[in-house]
Number of protein chains: 2
Amino acid sequence: MFKINENYLKLPGSYLFSAIGRKVAAYSQAHPDKKIIRLGIGDVTQPLAPAIIEALHGAVEEMGKAETFHGYAPDQGYEFLRSVIARQDYQDRGCQIAADEIFVSDGAKCDSGNIQEIFSLDNRIAVCDPVYPVYVDSNAMAGRTGSYDAGTGTWSNVIYMPCSMENGFVPSLPEEKPDMIYLCFPNNPTGATITRAQLQEWVDYAIRTGAVILYDAAYEAYISERDVPHSIYECQGARNCAIELRSFSKNAGFTGVRLGFTVVPRDLKCGDVRLHDLWARRHGTKYNGAPYIVQRAGWAVYSEAGRQQLQEQVAYYMENASTIYKGLTEAGYTVSGGINAPYIWLKTPGNMTSWEFFDCLLEQVGVVGTPGSGFGPSGEGYFRLTAFGSHENTAEALDRMKKLTF
Amino acid sequence: MFKINENYLKLPGSYLFSAIGRKVAAYSQAHPDKKIIRLGIGDVTQPLAPAIIEALHGAVEEMGKAETFHGYAPDQGYEFLRSVIARQDYQDRGCQIAADEIFVSDGAKCDSGNIQEIFSLDNRIAVCDPVYPVYVDSNAMAGRTGSYDAGTGTWSNVIYMPCSMENGFVPSLPEEKPDMIYLCFPNNPTGATITRAQLQEWVDYAIRTGAVILYDAAYEAYISERDVPHSIYECQGARNCAIELRSFSKNAGFTGVRLGFTVVPRDLKCGDVRLHDLWARRHGTKYNGAPYIVQRAGWAVYSEAGRQQLQEQVAYYMENASTIYKGLTEAGYTVSGGINAPYIWLKTPGNMTSWEFFDCLLEQVGVVGTPGSGFGPSGEGYFRLTAFGSHENTAEALDRMKKLTF
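Position labels on residues start from 1 in each chain and follow its written sequence. Chain labels run from A onward and ligand labels from 1 onward, assigned in the order the entries are written. In keeping with the predicted nature of the model, local features appear solely for residues at pLDDT of at least 70, side-chain atom pairs appear and are counted solely at 80 or more, and the whole-chain, interface and lining totals rest on all residues. The side-chain quantities take in all heavy atoms of the structure and omit both hydrogens and water.

### Re the interface of chain B and chain A
Okay, step 1: Here a residue-residue contact requires only that any non-hydrogen atoms of the pair lie within 4.5 Å. Taken together, the contact between chain B and chain A spans 78 residues of the former and 78 residues of the latter.
Okay, step 2: Taken together, both faces of the contact between chain B and chain A bury some 6,500 Å²; the carbon and sulfur share is 62%.
Okay, step 3: Salt bridges are defined as contacts in which a side-chain nitrogen from Lys or Arg sits within 4 Å of a carboxyl oxygen from Asp or Glu. Between the two partners, chain B and chain A, sit two salt bridges.
Okay, step 4: A salt bridge links B:R281 to A:D137; its shortest N-O distance comes to 3.5 Å.
Okay, step 5: Here a polar contact is taken to be a pair of N or O atoms separated by no more than 3.5 Å, where protein atoms must pair a possible hydrogen donor with a possible acceptor and residues adjacent in sequence count only if both atoms sit in side chains. Applying the counting criterion to the chain B and chain A interface returns 33 residue pairs in polar contact (both at pLDDT 80 or more). The term buried area refers to how much accessible surface (probe radius 1.4 Å) is lost by two components on association, counted for both of them together.

### Focus: the sheet that holds strand β9 (residues 242–247) of chain A
Residue and element names in this part refer to chain A.
Okay, step 1: The seven strands lie next to each other as β2-β10-β9-β8-β7-β3-β6, forming an open sheet whose pairing is mixed. The open sheet is flanked by β2 (102–105) and β6 (158–162), the only strands paired with a single partner. Direction aside, the axes of adjacent strands within the sheet are offset by 20 degrees on average.
Okay, step 2: A pair of strands counts as paired when DSSP detects no fewer than two bridges linking them. Numbering of helices and strands runs from the N terminus; a helix is a DSSP stretch of H or I covering at least four residues, while a strand is a stretch of E covering at least two. With four bridges joining them, β9 and strand β10 (residues 260–263) adopt antiparallel strand pairing. Its bridge partner lying in β10, E244 is registered against V263. Axis geometry follows a simple rule: fit a line to the C-alpha atoms, using only the stretch in contact for helices, then measure angles between N-to-C directions, giving values from 0 to 180 degrees.

### Section: the packing of helix α3 (residues 50–63) of chain B against helix α9 (residues 292–301) of chain B
Residue and element names in this part refer to chain B.
Okay, step 1: With their axes 8 Å apart at the nearest point, α3 and α9 run at an angle of 150 degrees to one another. Note that α3 runs across α9; the crossing there is right-handed. Here A51, I52, A55, L56, A59, V60, E62 and M63 of α3 lie close against α9, whose contacting residues are Y292, I293, R296, A297, A300 and V301.
Okay, step 2: Three classes are used: nonpolar for Ala, Val, Leu, Ile, Met, Phe, Trp, Tyr, Cys and Pro, charged for Asp, Glu, Lys and Arg, and polar for all others, with Gly counted as polar. Of the residues that constitute the contact of α3 with α9, the class distribution is twelve nonpolar, no polar and two charged. Left-handed describes a crossing whose near helix is turned anticlockwise from the far helix by less than a right angle; the clockwise case is right-handed.

### Observations regarding the state of the cysteines
Residues and elements named next belong to chain A.
Okay, step 1: For this text, the term disulfide refers to a pair of cysteine sulfurs within 2.5 Å. Going through the model one piece at a time under the given rule, you end up with zero disulfides over all chains.
Okay, step 2: Free cysteine C270: the closest other cysteine sulfur is in C241, separated by 14 Å.
Okay, step 3: The buried label applies to any residue whose accessible area, calculated with a 1.4 Å probe on protein chains only, is under 20% of its type's maximum; exposed applies above 50%, and partly exposed to all values in between. Classification of C270 as buried rests on a relative accessible area of 16%.

### A look at helix α10 (residues 304–330) of chain B
Each α-helix winds once per 3.6 residues, and so residues spaced three or four apart point in a common direction.
All names here are of chain B.
Okay, step 1: For α10, which comprises 27 residues, the first-to-last C-alpha distance of 38 Å matches the rise-based estimate of 39 Å (1.5 Å per residue) to within 8%.
Okay, step 2: Burial in α10 covers these residues: G306, L310, Q313, V314, Y316, Y317, M318, N320, A321, I324, G327 and L328.
Okay, step 3: Among the residues trailing α10, G332 stands out with phi positive, at a value near 95 degrees. To estimate the expected span of a helix, count its residues, drop one, and scale the result by 1.5 Å.

### A word on the relation of the copies chain B and chain A
Okay, step 1: The transformation that overlays chain B on chain A combines an axial shift of 0.0 Å with a rotation of 180 degrees, and the residual RMSD is 0.1 Å. Here the copies are linked by what is in effect a two-fold axis. Residue B:H57, judged by its C-alpha, is the member of chain B lying nearest the rotation axis, at 3.1 Å.
Okay, step 2: Taken together, the interface assignments show that 100% of the residues at the interface of chain B recur at the interface of chain A, consistent with an identical surface on both copies. C-alpha atoms of residues with pLDDT of at least 70 in both copies form the basis for the least-squares superposition of the copies.

Here is the structure:
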């Protein structure tokens, strides 16, 4: 008789977004005339930039003719895309990353979920708290996280690194030694960043203790301050201890197009074994390349026209971030994030729990956000708003929020 | 100190396609004037059908306008695609499969590699020999296959089910009881099929012994004979014991577009646990949906125009299969496959090994195929040719093969 992977049964239900969905649906039904403004889920709303649309049409044309048709893509991605990534995202910033250290994929969510496969089940992971749920859940499914305590919302074999207002949402080096450290900066959900000097401390720590850092830089396009690193490879020694995950979702509006990449430097080894070889094997065996037309769209992101158009798109969203940040600050909220990231993280007023504030916001003014407690225990008492709406909706949401009474 | 997944180190190198690549490169260098005809790798060559191109352009247009832009897709796939699949591929054939039992993905290779994750590491797998390498390799990476014996090319904890001319390349029920049974019909690499009555025996066996069948039907569009099932759900009881994997790669030329789906019926359970829930959780946590434009292209596959154009495309390739099958038979070869599948499986002449025949074919006449031994020990003495070339190249390859001397 076949048996299932019992680790799946330990996972708590994905209450967060289903609970949000249920509450929003109930509100809609009760108030069919009221317009709801959604600043909850981190999905973009602006259309793809013209340079990307043009590249997509061009690639579709190619697929319709025998002479220019493209079948199976190289597992690791087309050279035309990997080389432009290596040059513009890394070499032009002084990072020594070669095109063959880039693995193109269908998105950073998949890569964040899959990357743990090349590591031993005996490794112990450390995550920030609050945290993007995929890091923990994918390790839980593999059996690396011990047992779940529903009371505290934590796993017995995970090292949680609290991020709160007190430490500027940048964790301290953990007391217990982890083997795999997940870091995400600019951070989802807090919108916090790390300075180059702070990140260097993490790299030094990883080298000193033999840990590997899984660095999620999905939001790097939103960085506006100079001492904030765009890549972990801006730090000395990172080629020996870090894997970096990148996404096209937020810098180019690709949430529905699906493209990302992972960097695995050839210097990153466990004994004699290069992690690059393991990830190449994983890619070659269980993945079959990103679509040609999507890789052409990705290539257009790096064209001169594409870069300019996307700078404007990022600026559009960051204007929302600024609207929210300033508006809430003026209204007396304690706010962080929003400077180098499309997320605003606010302290719930009047000591409300995250869910109490969610209910209050939805029921009083029809605005939807995300309760911070859904991202981990240290998210309790916080709330996330995203900058991915339209200017009009964002401004209206702020006007409405100023009318809240508690 | 972090540790790696040691199972990866047990994997043999992917000698097959790299060895083919090296040999072809050496031949090209030695004979730069000679045209090589490649009937080795199973990649399509015909351009995408006009109905698909039109759907792609239309979807690209939508992505360029705010009102019709699509962000994150539903994890499981858009309803418009899942419902047309459920109706045309299943309900119209009398199979009780609902739209919410379809999980759209970026291809059957990924799904074949990932599906093992929802099962216990204690399960024992059974595979046909020869076999598509992903089934075994993905289980080896997870640690389910024991140790590898390079001499025999087999894993200690895998049940191999030999498929040879004697059993018409359809395996007998295994003597040892497996927990998970991988079946692929029409088969890659042998091109063999299974009758509905034969497949029913497997379903009955799985129910009797408590096994789950992972049924790969990637080549179902090539079926031409009436008693050959297009889906395992044509068999009684399959909803209780089988998962089916499907691909758009070969029926619609999507090798470079990337789309597939997996069917997990709600009746398929281990105790009280529905595998549907586990796969939904896996999809939701480690996958982020197939691109909107690609799902629209998939939808066009089921339109009236799309169906007609793709029938012609399949017929084009099957004319190649017929050319190869007849040509080789006339030349005195022992040939199988090619009737309900785009693969022709031939017995190497003169008791040559698979690799000896590969060398002979390349060096004497510049034709590239795939040595059967690369798919497993029972493939020794066989050779695979694919029907995915152009008519001209296929005819020329046959003319050349008739001039071979051994």
